[in-house]
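Take a look at the letters that make up each chain.
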Amino acid sequence: MLIQSAFHPIKEIPLAGAEFSNDFNGGAIENWIDRDAQMSLENQAKSSFGFRSALVRFMNQLRLTFLEEHNPNVVFGKDGYYFEEGYRSSVCGLDYLGEEAINAKIDSLDDFRNRLLLDGKKLIILIPPNKWRTYQKKVDWECKPKMTNYESFIEKLSHRGYSICDEIDLFQYEHSQRPPHPLHSKQGTHWSIFGAAMSADHLWMTFAQEGVALPKFSIEREEVDSVPRNTDKDLHDLLNIMAPPKSENLAYPTFSFSEGYKPRVTVIGDSYYQSYYYLGLHQGLFSMDSKYFYYNKSMYTDSLDQKEVLSDAIRKEEIAASDAVLLVISEPSLQWFGYGIFDLYSD
């Protein structure tokens, strides 16, 4: 364990989820006198000793197996379905901003869209699905009906003539039609990889409504696997246990794209959009110069391997060079509608 702690000769799989990082604070003598440095060093040692990840998974497995205790961020529904606790507040309306605040955000969106239109650019909004709504019979919401951000935003945005790809509504309809493969995996929090692939048709049509032509595409082949891949098991990963994901037949399509012009699009969105990279949809539908502003804080280019911190100068430069802006805002993210991008031209 000492050798592993010092030199890490054996590669360990890191734990999933966010974890507080306490950097060593020993740069000044005062930190040693008041024992801040000692506490910082101790906390760092506790969080980075050899084989910590394996031991944490072992203990979590024992807690789950014998005490039915697990990460509180994961909700166990019926028939093996997992849900993310953080999405409950949005379906229950607990994060509802209120009509006045929502009107103010849409007013800011109006100003942003008008600025884009003056420069000949289009604005498209994609609202990814919420597993809590699609599979509401598989989980108890445990809340009374109340106005939600989703209901209020959809009504007001539609009234003001925005082009919206509303996957919350579309997924509920598609699910009722019994699709050939799950639109959400049992052990994932986002849309399934297959569900993200199906959403591309809807997004293609929404771009067309705004007069932006995207390359035509089709599914070249479709592989069905019983082992969940990528984000199809992200809630299982969040449990940080030793057992592998449970078997589930899920589809993984491969796309082909037509030749021709691809528009340059600046995507500003949350983690749902990462599935478009995994499927090659971002690379196949948009110009290679298109960028992805992750929560409007960091920027991805042609892959998710590297990202850089965003500045207002980069934001303005990328939007100015684009043909369109795509806002990807899942239901829990509606409380941060726009991720602050509207402030870019507020002066």
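Quick notes on the rules
Residue indices follow the written sequence of each chain, beginning from 1 at its first position. It should be noted that, the model being predicted, local features are given only for residues of pLDDT at least 70 and side-chain atom pairs only at 80 or more, the latter also being counted only at that level, while totals for whole chains, interfaces and linings use all residues. The basis for every side-chain value is the complete set of non-hydrogen atoms in the structure, without hydrogens or water. Strands are labelled as partners when DSSP assigns at least two bridges between them. Segments assigned H or I by DSSP are reported as helices when at least four residues long, segments assigned E as strands when at least two residues long, and all are numbered from the N terminus. For helices, the fitted line uses only the C-alpha atoms of the stretch in contact; every axis is such a line through C-alpha atoms, and the angle between N-to-C directions lies from 0 to 180 degrees. Two residues qualify as a contact provided that any one of their heavy atoms is within 4.5 Å of a heavy atom in the partner residue. Think of it this way: a Phe, Tyr or Trp ring, Trp meaning its six-membered ring, pairs with another when their centres are within 6.5 Å, and the plane angle makes it stacked under 30 degrees, edge-to-face over 60, tilted otherwise. For every residue, the accessible area obtained with a 1.4 Å probe (protein chains only) is divided by the maximum for its type, and the residue is called buried under 20%, exposed over 50%, and partly exposed between those limits. We count a charge as sitting over a ring when the NZ of a lysine or the CZ of an arginine lies within 6 Å of the ring centre and within 35 degrees of the ring normal. The span one expects for a helix is its residue count, reduced by one, times 1.5 Å. Two cysteine sulfur atoms form a disulfide, by the criterion used here, when they sit within 2.5 Å.

Draft legend 1. Representation of the sheet that holds strand 8 (residues 291–294) within the structure. What the seven strands build is an open sheet, ordered 4-3-11-7-8-9-10; its pairing is mixed. Looking along the sheet, the strands with just one partner apiece sit at the ends: strand 4 (164–166) and strand 10 (307–309). Taken over all neighbouring pairs, the strand axes of this sheet differ in orientation by 20° on average, direction set aside. Pairing geometry for strand 3 (residues 122–127) and strand 4, over three bridges, is parallel. Opposite Ile125, over in strand 4, you have Ile164 as the bridge partner. This element, helix 8 (residues 149–159), spans strand 3 and strand 4 of the sheet and lies at about 145° to strand 4.

Draft legend 2. Representation of the packing of aromatic side chains in the model. The final tally for this structure, using the stated rule, is 22 aromatic pairs. With a centroid separation of 5.3 Å and 55° between ring planes, the pair formed by Phe83 and Trp132 is classed as tilted. Pair noted here: Phe83 is in strand 2 (residues 82–84) and Trp132 is in helix 7 (residues 131–134), with a separation of 49 residues, a long-range link. Trp132 carries the same exposure label as Phe83, and that label is buried. The positively charged end of Arg113 is found above the aromatic ring belonging to Tyr162, 3.7 Å away from the centroid. Cation over ring: Arg229 sits above Tyr252, and NZ or CZ is 4.5 Å from the ring centre.

Draft legend 3. Looking closely at the side chain of Ser287. Tracing the chain through its elements places Ser287 in the loop between helix 13 (281–285) and strand 8. Apart from the residues lying within four places of it in its own chain, the contact partners of Ser287 are Lys262, Pro263 and Arg264.

Draft legend 4. Highlighting helix 10 (residues 193–209). The terminal C-alpha atoms of helix 10 lie 25 Å apart, and with 17 residues this matches the ideal 24 Å at 1.5 Å per residue to within 8%. All buried positions along helix 10 are accounted for by Ile193, Phe194, Gly195, Ala196, Ala197, Ser199, Ala200, His202, Leu203, Thr206 and Phe207. Just past helix 10, the residue Gly211 takes up positive phi, approximately 80°.

Draft legend 5. Region of interest: the pairing of strand 8. Side chains Lys291 and Phe293 project from strand 8 onto one buried face, and the interleaved Tyr292 and Tyr294 project onto a second face that is buried too. Where strand 7 (residues 265–269) meets strand 8, four bridges bridge the pair, whose relative direction is parallel. Residue pairing across strands places Thr266 opposite Lys291, the latter belonging to strand 8. One ladder, built from three bridges, connects strand 8 with strand 9 (residues 298–300); its direction is antiparallel. The partner of Tyr292 across the bridge, within strand 9, is Tyr300. Where strand 8 hands over to strand 9, the hairpin turn is made up of three residues, of which Tyr295 adopts a positive phi near 55°.

Draft legend 6. Just the state of the cysteines, in detail. On inspection of all chains with the given rule, the structure shows one disulfide. Between the sulfur atoms of Cys92 and its disulfide mate Cys143 the distance is 2.2 Å. Given an S-S torsion of about -85°, the disulfide between Cys92 and Cys143 has left-handed geometry. Of this pair, Cys92 sits in helix 5 (residues 88–92) while Cys143 sits in the loop between helix 7 and helix 8; the two residues are 51 residues apart in sequence, bridging distant segments of the chain. Judged by its relative accessible area of 2%, Cys92 falls in the buried class. Cys143 sits in the partly exposed class, given a relative accessible area of 31%.

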